[in-house]
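# Structural overview
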Amino acid sequence: MEQTFIMIKPDGVQRGLVGEIIGRFEKKGFTLKGLKFITVDRAFAERHYADLSAKPFFNGLVEYIISGPIVAMVWEGKNVVTTGRKIIGATNPADSAPGTIRGDYAIDIGRNVIHGSDAVESARKEIALWFPEGIAEWSSSLNPWIYE
Ligand code: RTP
């Protein structure tokens, strides 16, 4: 079953959106497979966002991610990478539809509350980076009340 890496960024934690965000993924029917509440250092944040290192906003992005604790999660389910991105909404909250997390809770692109892997391959890499110890061995993903 497909998995994705989801991170509630420091602004999401400070604004008390953790329960709301987890609830949206749970209520959709996805399965929580890994969760930790941590603060990461600069080197780790730079590794996570290595693909963006040439961007002008890179330093500000790293400062933002290391500014406070975050919630790192692994979610599992059919098409969870693509559907997770839909639940999250467009990168810039100015373009995120109402009903999405960013559309409902964010205004600035540099305070957009949440991250979700953009492809199955990047999800695999991000899960390995954030959960080197591995994740829980359980699955409710084949619940017949969710999957036909
Ligand atoms: P994320 O990785 O956080 O899920 O976001 P994304 O794929 O939707 O967007 P990406 O292009 O990978 O950018 C990563 C994060 O960098 C910040 N950003 N700031 N100031 C800017 O122009 C700018 N552009 C991107 C956002 O926090 C974005 O989520």
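Check the entry above for the structure.
Quick caveat, the model's predicted, so the values are computed rather than measured. The residue numbering used here restarts from 1 in each chain and proceeds along that chain's sequence as written. In keeping with the model being predicted, local features are shown solely for residues with a pLDDT of at least 70 and side-chain atom pairs are shown and tallied solely at 80 or more, while totals for entire chains, interfaces and linings include all residues. To obtain the side-chain values, all non-hydrogen atoms of the structure were used and water was disregarded.

### Thoughts on the overall build of the protein chain
Note the cut-off: Each helix corresponds to a stretch of at least 4 residues labelled H or I by DSSP, and each strand to a stretch of at least 2 residues labelled E; elements are numbered beginning at the N terminus. Our radius of gyration looks at C-alpha atoms and nothing else; its globule reference is 2.2 Å times the residue count to the power 0.38. Relative accessibility thresholds used throughout: buried, under 20% of the residue-type maximum; exposed, over 50%; partly exposed, between the two (1.4 Å probe, protein chains only). In what follows, a contact means two residues having at least one pair of non-hydrogen atoms within 4.5 Å. Note on areas: Shrake-Rupley with a 1.4 Å probe; residue coverage comes only from the protein chains shown.
Each helix and strand counted, the protein chain has 7 helices and 4 strands in total. Helices (α) and strands (β) of the protein chain occur, in sequence order from the N terminus, as β-α-α-β-α-α-β-α-α-β-α. For the protein chain, the C-alpha radius of gyration of 15 Å lies close to 15 Å, the compact-globule estimate for 148 residues. Principal axes of the C-alpha set define a box for the protein chain whose edges measure 45 × 35 × 25 Å. Per-residue burial over the protein chain gives 47% buried out of 148 residues. Across the protein chain, every contact between residues at least 6 apart in sequence was considered, and the portion connecting residues at least 24 apart equals 78%. Carbon and sulfur atoms provide 53% of the accessible area of the protein chain, an area that totals close to 8,000 Å².

### Some points on the site of the ligand
Defined as follows: Think of it this way: one heavy atom of a residue within 4 Å of a molecule or strand is enough to make that residue near it. Here a polar contact is taken to be a pair of N or O atoms separated by no more than 3.5 Å, where protein atoms must pair a possible hydrogen donor with a possible acceptor and residues adjacent in sequence count only if both atoms sit in side chains. A pocket here means an open set of points on a 1 Å grid, computed over the protein atoms alone, that has protein on both sides within 12 Å along at least five of seven lines. A cavity is instead a set of points where a 1.4 Å probe fits but cannot get out; residues with an atom within 4 Å of a point line either one. What decides whether a molecule sits in a cavity or pocket is whether more than half of its atoms lie within 2 Å of the grid points.
Contacts to the ligand come from Lys9, Tyr49, Leu52, Phe57, Leu61, Arg85, Thr91, Arg102, Ile109, Asn112, His115 and Gly116. A distance of 3.4 Å separates an oxygen atom of the ligand from a polar side-chain atom of Arg102. Contacts to the ligand include Gly116, whose backbone N or O atom sits 3.2 Å from an oxygen atom. When atoms are counted within 2 Å of each cavity's grid points, the one that captures over half of the ligand is the largest pocket.

### Here we look at the side chain of Lys33
Take Lys33: it is sitting in strand 2 (residues 31-38). Excluding its chain neighbours within four sequence positions, the residues that come into contact with Lys33 are Gln3, Val74, Glu76, Ile135, Ala136, Trp138 and Ser139.

### Examining the packing of aromatic side chains
Note the threshold: Here the aromatic set is Phe, Tyr and Trp, taking the six-membered ring for Trp, and pairing holds for ring centres within 6.5 Å; pairs whose planes are under 30 degrees apart are stacked, those over 60 apart are edge-to-face, and all others are tilted. The criterion is that NZ of a Lys, or CZ of an Arg, lies within 6 Å of the ring centre and within 35 degrees of the ring normal, and then a charge sits over that ring.
Summed over the entire model, instances satisfying the criterion amount to 3 aromatic pairs. Ring geometry for Phe5 versus Trp130: centroids 4.9 Å apart, planes at 25°, classification stacked. With a gap of 125 residues between them, Phe5 in strand 1 (residues 3-8) and Trp130 in helix 7 (residues 120-130) connect regions that are remote in the sequence. You can call Trp130 buried: its relative accessible area is 2%. By way of ring pairs, the aromatic residues Phe5, Phe44 and Trp130 are connected into one cluster. The ring of Phe131 is capped by Lys36, whose NZ or CZ atom sits 4.7 Å from the centre of that ring.

### What to know about unusual backbone geometry
Phi is positive for Asn79, which is not a glycine, with a value near 55°. Note that Asn79 resides in the loop between strand 3 (70-76) and helix 5 (80-88). The exposure class assigned to Asn79 is partly exposed, which follows from its relative accessible area of 45%. Residues other than glycine seldom take positive phi values, yet Val113 does so here, at roughly 75°. For Val113, the position within the fold is in the loop between helix 6 (101-105) and strand 4 (114-116).

### Describing the pattern of salt bridges
Once their charged atoms are close, side chains differing in charge can pair, the charge on each being opposite to the other. To keep things clear, this is the line we draw: We count a salt bridge whenever a side-chain nitrogen from Lys or Arg sits within 4 Å of a carboxyl oxygen from Asp or Glu.
All chains considered together, the criterion is met by 6 salt bridges. Between Arg42 and Glu63 there is a salt bridge; the shortest N-O distance is 2.8 Å. One end of the pair, Arg42, is in helix 3 (residues 42-48); the other, Glu63, is in helix 4 (residues 58-65), with 21 residues separating them in the sequence. You can call Arg42 partly exposed: its relative accessible area is 37%.

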